[in-house]
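Residue-level structural notes
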Amino acid sequence: MPTVKYQKGDTVMGRWPGSSLYYQVKVLGFDSKSQLYTVIYKDGTELELKEQDIKSVTGFQTRSRSRSRSRSPARRRSRSRSPARTTRRSSSRTAAAVAATAITESTPSSRRDTRLKDTVEVRLSPVVSAYAALSLSDYRQGKPHFCELVRTLCICNQLDTQKINYLSEHGGRDAEEKLNLTKLILLIFLLFLVLPTGAYFWLLFLPAWVLFVILQGNLTDPSLINAPPPLPPLDTFWDAQALCFVILWILFQALLYILPVGKLSEGMPLRSGVRLKYRTNGFFAIMVSAIVVAVAVHQGADLTYIHSHFLQLATATFIISVLLSIYLYVRSPDLEFASVFSPGNVVYDFFKGRELNPRIKNFDLKFFCEMRPGLIGWCLINFAMALAEMKKHNLDAPSYAMILVNLFQLLYVVDGLWNEEAILTTMDLMHDGFGFMLAFGDLVWVPFTYTLQAYYLVLHPNALSLPAVIAIVTLKLIGFYIFRKSNSEKNAFRRNPSNPKLSHLKTIPTATGKSLLVSGWWGVVRHPNYLGDLIMALAWSLPCGFSHLLPWYYMIYFIILLVHRDSRDMSECRRKYGSAWDEYCRTVRYRIIPRVY
Ligand SMILES: NC(=O)c1ccc[n+]([C@@H]2O[C@H](COP(=O)([O-])OP(=O)(O)OC[C@H]3O[C@@H](n4cnc5c(N)ncnc54)[C@H](OP(=O)(O)O)[C@@H]3O)[C@@H](O)[C@H]2O)c1
Ligand SMILES: CC(C)CCC[C@@H](C)[C@H]1CC[C@H]2C3=C(CC[C@]12C)[C@@]1(C)CC[C@H](O)C(C)(C)[C@@H]1CC3
């Protein structure tokens, strides 16, 4: 009778099958027939392991410790091994959402040369990302800068890395050779863009684009494909009063945000397990804002100023977003976040942010900017455009088209604020840093480009027949229904997976402890909320007619944004959930539009 090395109840390190990763496990028993140990992982997954796949706890070093020592890209990517990658032999019981800490075996070579260890880790990664695969050979050949550039390019220029993932997943050396060609193409693409990084390109492009569309909106024949109109003299951009109004607006929103009114909601658990609290009183904020604006108009405030000073207001807001981004950059970075997501490149870090949840005491800057000044400002601007239309065309009431655009977008914003808690389970809040991209996006991009339909209608009226109005309203309601139902379903499930109201839904367990919905809305397509959102976007552009491309800008931008977000989310989920995600994708075949995409 062979001796049993590990006893029931022992805490040991168990290798995740098919990888070199070891996780802390508890021995549940030993089957002398099969010579296998039954072990349980921290997330509740039970597996049977051979003795050689089990080691004692001594002789291991935690990866979280080693991670903070290096900021190399390959090290960051080494997180991508999800234990769910390998098919489980026994059933998994998902317990509390405790993410098991992956621990790698400490070898003499890994201690001698961390860079070499990085490359070894990358080889083992189930989903080798494009840049991980690139670094594999490039680091060996001592070309880390090239790798860094390509990596930045991959992220910042939103290239679809999945094709490259596929190559790298399908075999070591072969894939590497194929990747040489890819690298060349990427490099040419990189040189084609502004050096040194893609982030630099976006830093210049995004503000230039806002300026372009605002100037187009003032033309008699606005289009997105027209050559940019000549730049107005520099002094027309600046208006001190506009800056004061913008500052007042932001301060007013900040005041409403900090008032102890409304619920304190908990965010999703951070990697440390901590759950931050958020004051979700957005609905209250928009109601108070509406009352204040109504009183101001009643007292004679001329809101058409917003239309006549649109460019100056945008410039002022842009200045504030840049100052905020600089502040965000110079604040001490969140090392744990930075060590995982940030490559330590100044431009990139400035663009994407160095902190996940920058806060001043309890004041959460990202949450505030995403949900308040820009979003509520969007409705204020739309309302001002309706007044400007009436003034310009001497109307007693805004046109049908203007009313529809105003009501549709107001509904979207009010719904977002009413369900403010749901934003805490979205990608931006859970995964993205807060830097220039989001600061500018929230404060400038949203209020000054999402309002383009209303801005357009002031100078370019479009008469709508009653049947057209009915058709557009119906479309909007269908889109809204899909959007709201699917978002609420996911949010309710993420907040309480055992919610009895959701017990009829089928789910796939994952090794992280979280499950994935495979029926209900999330069983129709992989992003039903994007589908609803896109239908709504269509309903926002239709009232403006087909004479010009400018009011269709949002629709075009939104398709690009959501397709990109979807592929980014796919890669992220595959990294997190491994084979469970693949199973989900096999079951739910379409991404956004059933049977089409
Ligand atoms: N108007 C705009 O400009 C704009 C722009 C972007 C987005 N949006 C809207 O904002 C909302 C949020 O969008 P988002 O991009 O943050 O993405 P989202 O679809 O809300 O969140 C994606 C996350 O949901 C979880 N998930 C995915 N599939 C799941 C499944 N089958 N079961 C359970 N959970 C699943 C995953 O996170 P975990 O597994 O980690 O929980 C995934 O990372 C959407 O309605 C979108 O349309 C609007
Ligand atoms: C090109 C860049 C400048 C892109 C910037 C992107 C951001 C402007 C968007 C990213 C996530 C978006 C978002 C909303 C607004 C626009 C973003 C911040 C949102 C707050 C709009 C109201 C919705 O109801 C919402 C809460 C679902 C939504 C969440 C995501």
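Residues numbered from 1 in each chain as written. Chains lettered and ligands numbered in written order. Predicted model: local features only at pLDDT ≥ 70, side-chain atom pairs only at ≥ 80, totals over all residues. Heavy atoms only, no water.

The chain is annotated in an unreviewed UniProt entry as Delta(14)-sterol reductase LBR of Astatotilapia calliptera. Per UniProt, the chain has the following entry under Pathway (unreviewed entry): "Steroid biosynthesis; cholesterol biosynthesis." UniProt, in the comment section headed Sequence similarities (unreviewed entry), describes the chain in these words: "Belongs to the ERG4/ERG24 family." (UniProt positions renumbered as here; feature names shortened; annotations may be inferred.)

Examining the overall build of the chain
When you go through the chain residue by residue, the secondary structure sums to 25 helices and 13 strands. Classification of the 597 residues of the chain by burial places 54% in the buried group. For the chain, long-range pairs separated by at least 24 residues make up 74% of all intrachain contacts whose partners lie at least 6 apart in sequence. Surface exposure of the chain reaches about 27,400 Å², of which carbon and sulfur atoms provide 63%. (Helix = DSSP H or I, 4+ residues; strand = E, 2+ residues; numbered from the N terminus. Buried < 20%, exposed > 50% of the residue type's maximum accessible area, 1.4 Å probe, protein only. Contact = heavy atoms within 4.5 Å. Areas by Shrake-Rupley, 256 points an atom, 1.4 Å probe, with all protein chains shown as cover.)

Quick look at the side chain of Arg359
Looking at where Arg359 falls in the secondary structure, it is placed in strand β10 (residues 359-360). A polar atom in the side chain of Arg359 sits 2.8 Å from the side chain of Asp364. Contact partners of Arg359, with chain neighbours within four places excluded, come to Leu276, Lys277, Tyr278, Arg331 and Asp364. (Polar contact = N/O pair within 3.5 Å; in protein donor to acceptor, adjacent residues only side chain to side chain.)

Digging into the packing of helix α11 (residues 282-298) against helix α17 (residues 373-393)
Packed helix pairs are characterised by how far apart their axes lie and by the angle those axes make with each other. Packing of α11 against α17 leaves a shortest axis separation of 11 Å and a crossing angle of 30°. Compared by their axis directions, α11 and α17 come out roughly parallel. For the pair α11 and α17, the crossing hand works out as right-handed. Across the interface between the two elements, Ala285, Ile286, Ser289, Val293 and Val297 of α11 pack against Ile376, Cys379, Leu380 and Phe383 of α17. (Axes fitted to C-alpha atoms, helices over the stretch in contact; angles between N-to-C directions. Parallel < 35°, antiparallel > 145°, perpendicular 65-115°, else oblique. Left-handed = near helix turned anticlockwise from the far one by under 90°.)

A look at the site of ligand 1
For ligand 1, the set of nearby residues contains 27 residues, the closest of which are Tyr450, Arg494, Tyr530, Asp533 and Tyr577. Arg494 places a polar side-chain atom, nitrogen or oxygen, 2.5 Å from an oxygen atom of ligand 1. A distance of 3.2 Å is found between a nitrogen atom of ligand 1 and a side-chain nitrogen or oxygen belonging to Tyr584. Compared with its free state, where it exposes 910 Å², ligand 1 has 93% of that area covered by protein. Secondary structure elements with two or more residues in the shell around ligand 1: α19 (427-431), α22 (466-495), β13 (515-517), α23 (528-541), α24 (553-577) and α25 (579-587). For the shell around ligand 1, the element with the most residues is α24, which contributes 8 residues. Partitioned by chemical class, the residues of the shell around ligand 1 number 16 nonpolar, 4 polar and 7 charged. (Near = heavy atom within 4 Å. Nonpolar A, V, L, I, M, F, W, Y, C, P; charged D, E, K, R; others polar.)

Section: the site of ligand 2
Around ligand 2, the structure places 15 residues, and the nearest of them are Gly416, Ile423, Asp428, Asp442 and Arg565. Protein chains bury 87% of the 630 Å² of accessible surface belonging to ligand 2 in isolation. Counting residues per element, the ones that place at least two in the shell around ligand 2 are α16 (365-371), α18 (400-418) and α20 (436-449). With 4 residues, α20 is the largest single contributor of residues to the shell around ligand 2. Its residues placed into classes, the shell around ligand 2 shows 9 nonpolar, 2 polar and 4 charged.

Quick notes on the environment of Ala454
Position of Ala454 among the secondary structure elements: in helix α21 (residues 452-459). Of the residues examined, Ala454 reaches a relative accessible area of 0% and is grouped as buried. Along the backbone, Ala454 and Ala384 are 70 residues apart, and their C-alpha atoms lie at a distance of 9.1 Å. Residues contacting Ala454, with those up to four places away along its chain left out, are Asn382, Met385, Met402 and Val405.

Section: the pattern of salt bridges
Per the stated rule, a full pass over the model turns up 14 salt bridges. Across the pair Arg275 and Glu266 runs a salt bridge whose closest N-O atoms are separated by 3.5 Å. On the accessibility criterion, Arg275 (34% relative accessible area) is partly exposed. Take Glu266: its relative accessible area is 32%, and that puts it in the partly exposed class. Its salt-bridge partner being Lys277, residue Glu266 comes within 3.6 Å of it at the nearest N-O pair. Of this pair, Glu266 sits in strand β8 (residues 263-266) while Lys277 sits in strand β9 (residues 277-280), and the two are 11 residues apart along the sequence. Among the charged side chains, a salt-bridge network with shared partners connects Lys263, Glu421 and Arg495. (Salt bridge = Lys/Arg side-chain N within 4 Å of Asp/Glu carboxyl O.)

Describing the UniProt feature "transmembrane region" (unreviewed entry) in the chain
Listed under "transmembrane region" (unreviewed entry) in the UniProt record, and renumbered for this structure, are residues 184-217, 237-259, 280-298, 310-330, 438-458, 464-483, 504-525 and 537-563. Helix makes up 100% of residues 310-330 and strand 0%, with an end-to-end C-alpha separation of 30 Å. Annotation note: span residues 438-458, helix share 90%, strand share 0%, distance between end C-alpha atoms 29 Å.

Some details on the pairing of strand β1 (residues 11-15)
Looking along a regular strand, one sees side chains alternate from face to face of the sheet. As paired elements, β1 and strand β2 (residues 21-31) share 5 bridges and run antiparallel to each other. Its bridge partner lying in β2, Val12 is registered against Val25. (Pairing = 2+ DSSP bridges.)

Considering the state of the cysteines
What the rule picks out here adds up to 0 disulfides. Here Cys244 is not cross-linked by a disulfide; its sulfur's nearest cysteine counterpart is in Cys369, at 19 Å. In this structure Cys369 is not part of a disulfide, and its nearest cysteine sulfur, from Cys379, lies 17 Å away. Relative accessible area serves as the criterion here: at 5%, Cys369 is assigned to the buried category. (Disulfide = S-S within 2.5 Å.)

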